[in-house]
Structures are given as C-alpha cells and as structure tokens.
There are 2 protein chains.
Amino acid sequence: MDKRHFDVELDQLREKLVMMASKVENLINYSIEAIRKRDATVAEAALAMDKEIDRMEIEIEEAAISLMARHQPAAGDLRFLVGAIKINNDLERIGDHGVNIAQSAALLASVPEIKVLADIPWMAGLAVSMLKDSLDSFISGDPEKAREVCSRDDQVDELKDQILRVVLTFMMENPNFISGGMTLILVARNLERIADLATDISEEAIYIYQGKVIKHGAEKQSEEGSVNR
Amino acid sequence: MDKRHFDVELDQLREKLVMMASKVENLINYSIEAIRKRDATVAEAALAMDKEIDRMEIEIEEAAISLMARHQPAAGDLRFLVGAIKINNDLERIGDHGVNIAQSAALLASVPEIKVLADIPWMAGLAVSMLKDSLDSFISGDPEKAREVCSRDDQVDELKDQILRVVLTFMMENPNFISGGMTLILVARNLERIADLATDISEEAIYIYQGKVIKHGAEKQSEEGSVNR
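The structure displayed is predicted, hence computed values, not measured ones.

### Notes on the overall build of chain A
Counting its regular elements, chain A contains seven helices and two strands. For chain A, the sequential pattern of α-helices and β-strands runs α-α-α-α-α-α-α-β-β. On C-alpha atoms alone, chain A measures out to a radius of gyration of 19 Å, which is about the 17 Å that the 2.2 N^0.38 rule sets for 229 residues. For the C-alpha atoms alone, the extent of chain A along its principal axes is close to 65 × 35 × 20 Å. A burial count over chain A gives 44% of its 229 residues as buried. Long-range pairs, those at least 24 residues apart, make up 77% of the contacts in chain A between residues at least 6 apart in sequence.

### Structural notes on the packing of helix α3 (residues 75-108) of chain A against helix α2 (residues 43-71) of chain B
Following both chains from N to C, one finds α3(A) and α2(B) inclined at 130°, their axes separated by 10 Å at the closest point. By the angle class used here, α3(A) and α2(B) are oblique. As α3(A) packs across α2(B), the resulting crossing turns out to be right-handed. For the pair α3(A) and α2(B), the contacting residues are A:A75, A:L78, A:R79 and A:V82 in the first and B:I65, B:M68 and B:A69 in the second. Looking at the contact of α3(A) with α2(B) residue by residue, the classes come out as six nonpolar, no polar and one charged.

### Remarks on the environment of B:K145
Residues and elements named next belong to chain B. As for its position among the elements, K145 is in helix α5 (residues 143-151). Of the residues examined, K145 has 17 C-beta atoms within 10 Å and is grouped as partly exposed. Through-space distance from the C-alpha of K145 to that of A205 is 9.5 Å; in sequence the pair is 60 residues apart. Residues contacting K145, with those up to four places away along its chain left out, are D133, D136 and S137.

### Here we look at helix α7 (residues 178-210) of chain A
Residues and elements named next belong to chain A. Across its 33 residues, α7 extends 47 Å between first and last C-alpha, which sits within 8% of the 48 Å expected from 1.5 Å per residue. Counted residue by residue, α7 has 27 buried out of 33 residues, so it is predominantly covered. A positive backbone phi angle near 60° is found at G211, which sits one or two residues after α7.

### Quick word on the interface of chain A and chain B
Between chain A and chain B, the contact holds 27 residues from the first and 27 residues from the second. When contributions to the side of chain A that touches chain B are tallied by element, the ones reaching two or more residues are α2 (43-71), α3, α6 (153-173) and α7 of chain A.

### Considerations on the relation of the copies chain A and chain B
By a simple turn and slide, chain A fits onto chain B: the slide is 0.0 Å along the axis, the RMSD is 0.0 Å, and the turn is 180°. Such a turn and shift between the copies fits a two-fold axis. Considering only C-alpha atoms, the residue of chain A closest to the rotation axis is A:Q72, which sits at 2.9 Å. Interface residue correspondence from chain A to chain B reaches 100%, placing this contact among same-surface, isologous pairings.

### Thoughts on the confidence of the model for chain A
Residue and element names in this part refer to chain A. Residues of chain A with pLDDT of at least 70 account for 90%, and the chain-wide mean is 89. In the model, residues 220-229 has pLDDT below 50 throughout and makes 29 contacts with residues more than four positions away in sequence or in other chains. Here the complex is predicted with pTM 0.90, and the ipTM for its interfaces comes to 0.88.

### Comments concerning the packing of helix α6 (residues 153-173) of chain B against helix α7 (residues 178-210) of chain B
Residues and elements named next belong to chain B. Taken N-terminus to C-terminus, the directions of α6 and α7 make an angle of 175°; their axes are 10 Å apart at the nearest point. The orientation of α6 relative to α7 falls into the category roughly antiparallel. Within the contact between the two elements, α6 uses D153, V156, D157, K160, I163, L164, V167, F170 and M171 and α7 uses I178, G181, L184, I185, A188, E192, A195, D196 and T199. When the residues that make up the contact of α6 with α7 are grouped by side-chain class, the tally is eleven nonpolar, two polar and five charged.

### Some thoughts on unusual backbone geometry
Residue and element names in this part refer to chain A. Even without glycine at this site, Q72 takes up a positive phi of about 50°. In this fold, Q72 is placed in the loop between α2 and α3. Classification of Q72 as partly exposed rests on a count of 17 C-beta atoms within 10 Å.

### Remarks on the environment of A:E203
Residues and elements named next belong to chain A. Position of E203 among the secondary structure elements: in helix α7. Among the residues examined, E203 registers 20 C-beta atoms within 10 Å and is labelled buried. Between the C-alpha atoms of E203 and S137, which are 66 residues apart in sequence, the distance is 10.0 Å.

### What to know about the nonpolar core
Core analysis: the largest hydrophobic core is formed by 136 residues, its most contacted members being A:A127, A:L131, B:A127 and B:L131. When near neighbours in sequence (up to four residues on either side) are disregarded, A:A127 contacts A:V156, A:L191, A:I194, A:A195 and A:A198.

### Things to note about α6(A)
Taking 1.5 Å of rise per residue, 21 residues should cover 30 Å, and α6(A) covers 31 Å from first to last C-alpha, within 8% of that figure. Three or more residues of α6(A) are buried, namely A:V156, A:L159, A:K160, A:I163, A:V167 and A:M171. When α6(A) is viewed along its axis, its buried side chains cluster within an angular range of 105° and face the same direction. Along α6(A), exposed side chains directed more than 90 degrees from the buried face belong to A:D154, A:E158, A:D161, A:R165 and A:E173. Residues of α6(A) that are buried sit in contact with α4 (119-140) and α7 of chain A together with α7 of chain B.

Cut-offs used in this document
Residues numbered from 1 in each chain as written. Chains lettered and ligands numbered in written order. Predicted model: local features only at pLDDT ≥ 70, side-chain atom pairs only at ≥ 80, totals over all residues. Helix = DSSP H or I, 4+ residues; strand = E, 2+ residues; numbered from the N terminus. Rg over C-alpha atoms; globule rule 2.2 N^0.38 Å. Buried ≥ 20, exposed ≤ 12 C-beta atoms within 10 Å, placed from the backbone. Contact = placed C-beta atoms within 7 Å. Axes fitted to C-alpha atoms, helices over the stretch in contact; angles between N-to-C directions. Parallel < 35°, antiparallel > 145°, perpendicular 65-115°, else oblique. Left-handed = near helix turned anticlockwise from the far one by under 90°. Nonpolar A, V, L, I, M, F, W, Y, C, P; charged D, E, K, R; others polar. Expected span 1.5 Å × (residues − 1). Least-squares fit on C-alpha atoms with pLDDT ≥ 70 in both. pLDDT = per-residue confidence, 0-100. Core = buried A, V, L, I, M, F, W, Y, C linked by C-beta atoms within 7 Å. Arc of directions from axis to C-beta.

Right, dumping it as structure tokens:
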C-alpha cells in the first residue's frame with residue numbers, strides 16, 4: 001500500500017471517530033434532556049443509540065488494526081493508531097455512562113422534583129464540551145487545547161461535590177428522598193466519569209503529539225518519538 | 001529483529017503484565033483489609049502503590065509499541081499486542097478503583113460499624129478472583145476460562161444490589177447513617193467497576209483467541225484472523 005492510500009484510510013478513520021463521538025454526545029444530551037423533562041420513556045431509545053455506538057467501536061478498532069497490519073507504519077503513525085484504539089474504547093465507555101443516565105432518568109421521573117436537578121444539565125454541559133474538545137484536540141493535533149481540557153476537570157469535580165452535599169442535606173431532612181437522592185448522585189457520578197474519560201482522551205492526545213505523559217499528575221518525556229504534524 | 005528475539009520480548013511483556021496485575025490485586029486486598037480493620041491510615045500507602053502501577057503502565061505500553069515498530073508483527077501477534085495495551089490500561093483503571101476504596105476506608109473508620117460491612121470483603125474476593133482469572137486467560141490463551149469469568153459478573157452485580165438495598169434501609173431508619181452509608185455504596189460501586197473491567201479483559205481475551213466479539217451481549221465473528229496458540 002502506498003503512502004497516499006495510507007493517508008486516505010487514516011483520514012477515513014479520523015472521520016469515523018468524529019462521527020462516533022458525535023453519536024456519544026447525542027446520547028448524553030438525550031439522556032440529560034430526559035432528566036430535565038422528567039421523561040420516563042427514554043431508556044429504550046438510549047439503549048438503541050448505544051448499540052449503534054458499540055457497532056462503530058468494533059468497526060473502528062478493526063480498521064485501525066487492519067491499517068497497522070497492511071501498512072506497517074513508523075513510530076509516529078503507529079502511536080496515533082494505538083491512541084485511536086484507546087480513545088475509541090473510551091468513547092464506547094462514555095456511551096455506557098450515557099445509558100446509565102437514561103436509566104436513572106426513568107427512575108427520577110417518579111420522584112418529587114427538587115432544585116438540585118438544575119445543576120445536572122449544567123454539569124452535563126461541561127462534561128459534553130470536554131468530550132467534544134478532547135476529541136478535537138486528538139483529531140486536529142492540538143496538544144494545547146488538550147491541556148486546556150484537562151484543566152477543566154476540576155470544575156466538574158467541584159460541581160459534583162456540590163451536588164453531593166446538597167443532595168445529602170436533602171436526604172437527611174427528608175428520608176423519603178433517600179432513594180431519589182441516591183439516583184441523582186449516581187447521575188452526577190456518571191457525568192464525573194464522562195469528564196474523567198474526556199481527560200484521558202486529552203492526555204492521550206498530549207502523549208501522541210508531545211511525547212509527554214501528563215497523566216497521573218506527573219509530566220514525563222517519552223522515550224519514543226512523538227508525532228509531528 | 002529475528003522471530004526468536006521477538007518471542008523473548010513478547011514473553012517479557014507477558015511477565016510484566018502478570019507482575020502489574022499482582023500489584024493491582026495487592027492494592028485492592030490492602031484497601032479492603034483497611035475497611036475490615038477500620039484502619040484510617042491506609043490512603044497514603046495505597047497512593048504509593050498506585051504510583052508504582054502507573055509507572056508500570058507507561059513502561060508496558062512503550063514496550064508494546066516499540067515491539068510493534070521494530071518487529072512489524074503479522075495480524076495475530078499485532079492483535080495480541082493491541083490487546084495487551086488495552087488490558088494494561090484496564091489494569092491501571094482497576095488500580096484507581098483500589099485507591100478510591102482506600103480513601104473510603106479512611107472515611108468509614110469513623111462511622112458506627114454495621115453488619116453489611118461483612119458483604120464488602122466477600123464482594124471484593126469475587127472481584128479479585130475475576131481479575132486474576134481474566135488476566136490468566138489472556139496470558140495463557142484460554143478463551144474458555146475467559147468465558148467463565150464473564151459469567152461470574154452477574155454474581156457481583158447481584159451482591160452490589162443486595163448491599164445497596166440493605167444500606168438504603170439502614171439510611172432510612174437512621175439518618176445519621178446517611179453519610180457513612182453513601183461511602184459504603186461507593187465502595188460497592190468501585191468493586192462492581194473492578195468486576196466490569198475484569199469482564200472487559202476476558203472479552204478481549206476471547207476476541208484475541210477466538211476472533212469473536214462477545215461484548216455488548218452480541219457474539220460476532222471477527223473478519224480479521226484470531227491468534228492460534
């Protein structure tokens with residue numbers, strides 16, 4: 001396979017990842033909208049959306065491995081392809097969190113409405129924008145944008161802690177709210193995990209384009225070459 | 001690099017993964033022991049153990065990519081190496097859940113003791129045995145063992161649901177227990193995630209050795225070749 005053909009296939013892989021990320025985004029937005037509208041009927045539709053995401057995950061991984069096997073790419077392209085496989089896996093897991101949120105929406109529809117619900121769409125908006133920007137930093141080769149995404153994770157964590165505190169207070173004041181409160185906390189935790197996975201995607205982008213490991217809090221120069229684009 | 005040299009390096013990679021998995025196992029056991037003994041001082045030691053696991057993750061990923069770049073392996077070996085990178089990533093995430101459990105142990109030490117605590121070490125034992133057997137199925141190329149691990153995930157989920165029910169009842173009867181109960185539920189959820197990740201590792205092993213995608217509930221024959229060992 002010549003280099004030009006390889007580049008065409010690499011672009012197709014990038015496009016597929018972008019499509020998959022946008023499907024994952026839709027699933028999260030859909031699930032959060034269901035919480036906001038107190039709609040108990042979304043769980044099934046969310047599962048169908050997730051099925052499509054699962055199908056794409058398998059397709060993208062097979063395409064990446066097939067590219068590796070046929071082209072035998074050099075270190076930089078190889079690192080990109082390994083990164084694509086890992087990010088593909090992260091996107092699929094984010095989709096699973098979207099399904100969890102949809103299932104919680106069904107439960108929450110039957111619970112008395114409380115003020116804290118307003119913080120959930122806000123937190124979701126932050127998490128989804130992190131997801132968008134992290135994938136964009138990987139696709140467009142922009143490690144600075146990736147670093148900026150990582151720095152937003154603290155904001156999401158703070159929001160989750162705040163939601164946790166308010167819900168716990170509600171639960172103590174009104175034991176009837178314990179079960180619904182638990183479900184709300186679960187939604188907040190799923191959103192926190194989505195932001196964490198977006199951070200993982202950003203860290204992967206930084207690793208690929210700058211050869212630096214910033215995850216686990218430590219910055220470390222990689223011994224292998226990074227991708228220059 | 002000749003084939004023999006490649007096999008030697010592949011064996012070294014397998015050994016490193018086994019070592020990493022045993023470190024992850026130690027971390028979980030250590031954290032659960034802290035919950036059992038109501039020891040509030042473990043969080044720091046758990047973090048140090050996790051740092052070592054993070055270091056190994058980077059080392060194993062670099063070794064796998066370097067092997068790919070230098071040897072340009074055929075489809076089967078390539079799939080094994082990609083699987084090793086994904087499983088390496090899963091092990092690191094399991095380590096993070098171990099740290100979360102250690103942090104919960106510190107909080108739980110100050111909470112009045114309750115009966116449900118006894119179910120946590122039991123659930124942890126199941127999760128750790130799934131982790132052990134899933135990695136073993138990958139290393140020794142035993143997809144039947146991997147399938148058996150997947151079938152054990154339901155047991156862990158049931159145990160988590162049971163813990164959740166008991167803790168919720170406790171919380172409703174005694175609002176002072178709400179905060180401690182939340183922490184216990186968090187521990188159970190971390191153990192559930194560890195079992196899920198062990199299931200992911202098993203599914204990866206099945207994919208590599210039988211070329212079948214069983215994740216997401218569907219069985220699908222892969223179009224790429226599987227590894228015959």
